[in-house]
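Secondary and tertiary structure notes
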Amino acid sequence: MPNLGYEGAAQHKSQSLPPGAKRVTNRATLWYVPLSLTNVDKVTKVPPIQYERKELEEEGRKRYEDQKLERMETKERNGEFIVPVANQDRQKKEDHTVGYSQSSLIHLVGPSDCTLHGYVHGGVTMKIMDEVAGIVAARHSKTKIVTASVDAINFHRKIKKGCIITISGRMTFTSNKSMEIEVFVDADTLVGDTKERYRAVSASFTYVSLSKEGKPLPVPQLVIESEEDRKRFEEGKGRYLQTKVKRQAHLQPLTQQ
């Protein structure tokens, strides 16, 4: 049962709480698709569930439709590939540009990364993507950083054991206090009759910069060098504003529990 998608958010607040008080620090929605036990390429039907209230079914359906739209928007960018930046080339680039902080990691998919069917666990992929996004954020801000949210992780195709995956991240948008990093996972098949390279996973991570005391710091603004940078910046700004509205609507009541 592989991941179809993920969307989540984390809150990081520096104020102290009374002893014994609780607050929600992480909240996420994960989507899965069931596969046949005899044919892992065949998606089977999902048994219906009974909802306690009609409102819960409507809320779930709305999340499903929103996630479908996000996946369609992501697929439009799936033709893009991030060309790795060599260290000697990075030294020539201006601070706070896309090229300066851009980072990549290459990983050989082994047995410990995979399910019993020989496909990569979604959590393994998410962990490596978060590491790459964190490197991008740290290079840009040159401070301590922490993951603030993962707006969407879309698993487009399964990754088999024995593949080489390239995880690439680049800065797309900066607000006064946050950084958006776009991360792609591309897989190269090394075994089998078919050799191909394909986009397996894509995501947008948001990070914040912290002081040594754990207090939020202003984020250096992204230096735009090309029309492609500007286009991605404007798209990121749109996602930032949408996410801000959704977070205020959904997370604020949770902090009051």
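For every chain, the first residue of the written sequence is number 1, and numbering continues from 1 onward in sequence order. For a predicted model such as this one, the threshold for reporting local features is a pLDDT of at least 70, and the threshold for listing and counting side-chain atom pairs is 80 or more; totals across whole chains, interfaces and linings nevertheless cover every residue. Computation of side-chain values: all heavy atoms of the structure, hydrogens and water removed.

Once that is clear, we can look at a nonpolar patch on the surface. Within this analysis, patches are made of residues with over 30% relative accessible area and no salt bridge. Like charges are joined at 9 Å or less; nonpolar side chains (Val, Leu, Ile, Met, Phe, Trp, Tyr) at 5 Å or less. Calculation of accessible area relied on Shrake-Rupley with a 1.4 Å probe; when residues are assessed, cover is drawn exclusively from the protein chains displayed. A pair is scored as a salt bridge if a Lys or Arg side-chain nitrogen falls within 4 Å of a carboxyl oxygen belonging to Asp or Glu. Together, Leu108, Leu190 and Val191 line one region of the surface with nonpolar side chains, adding up to about 300 Å² of accessible area. Here Leu190 falls in the partly exposed class, since its relative accessible area comes to 45%. Only protein chains enter the accessibility calculation, which uses a 1.4 Å probe. A residue is then buried if its area is under 20% of the maximum for its type, exposed if over 50%, and partly exposed in between.

One non-glycine residue with positive phi stands out, namely His96, at about 70 degrees. Only DSSP runs of H or I covering at least 4 residues are called helices, and only runs of E covering at least 2 are called strands; the numbering of each starts at the N terminus. For His96, the position within the fold is in the loop between α2 (87-90) and α3 (98-101). For His96, a relative accessible area of 23% translates into the label partly exposed. Non-glycine residue Lys142 carries a positive phi angle of around 55 degrees. Along the chain, Lys142 turns up in the loop between α4 (122-141) and β4 (144-155). You can call Lys142 partly exposed: its relative accessible area is 47%.

What follows is about the pattern of salt bridges. Throughout the structure, instances matching the rule amount to twelve salt bridges. Asp188 is the partner of Arg197 in a salt bridge, and the nearest nitrogen-oxygen pair spans 2.8 Å. Using a relative accessible area of 42% as the deciding quantity, one classes Arg197 as partly exposed. One network of salt bridges, in which partners are shared, links Asp186, Asp188, Arg197 and Arg199.

This part takes up the pairing of β4. The buried fraction of β4 amounts to nine of the twelve residues, a majority that puts the element mostly inside the structure. Between any two strands, pairing holds if DSSP finds at least two bridges. Sheet topology note: the β4/strand β7 (residues 197-210) ladder contains ten bridges and is antiparallel. Directly across from Lys144, in β7, lies its bridge partner Leu210.

Counting residues in hydrophobic clusters, the biggest one holds 34 residues, and the most contacted among them are Met129, Ile153, Ile159, Ile167, Ile181, Val201 and Phe205. Among the elements that take part in this core, α4 stands out by supplying seven residues, more than any other. Non-local contacts of Ile167, meaning those with residues more than four positions away in its chain, are made with Ser103, Ser104, Leu105, His107, Ile128, Met129, Val132, Val183, Phe184 and Val185. In this description, a nonpolar core means a group of buried Ala, Val, Leu, Ile, Met, Phe, Trp, Tyr and Cys residues linked to one another through side-chain atoms lying within 4.5 Å. Should any heavy atoms of two residues lie within 4.5 Å, those residues are considered in contact.

Time to look at α4. Spanning 20 residues, α4 covers 28 Å between terminal C-alpha atoms, matching the ideal 28 Å at 1.5 Å per step. For α4, the set of buried residues is Gly122, Thr125, Met126, Ile128, Met129, Val132, Ala133, Gly134, Val136, Ala137, His140 and Ser141. Remark: Lys142 follows α4 within two positions and exhibits a positive phi of approximately 55 degrees. To estimate the expected span of a helix, count its residues, drop one, and scale the result by 1.5 Å.

Interpretation note: all reported values are geometric properties and have no functional meaning in isolation.
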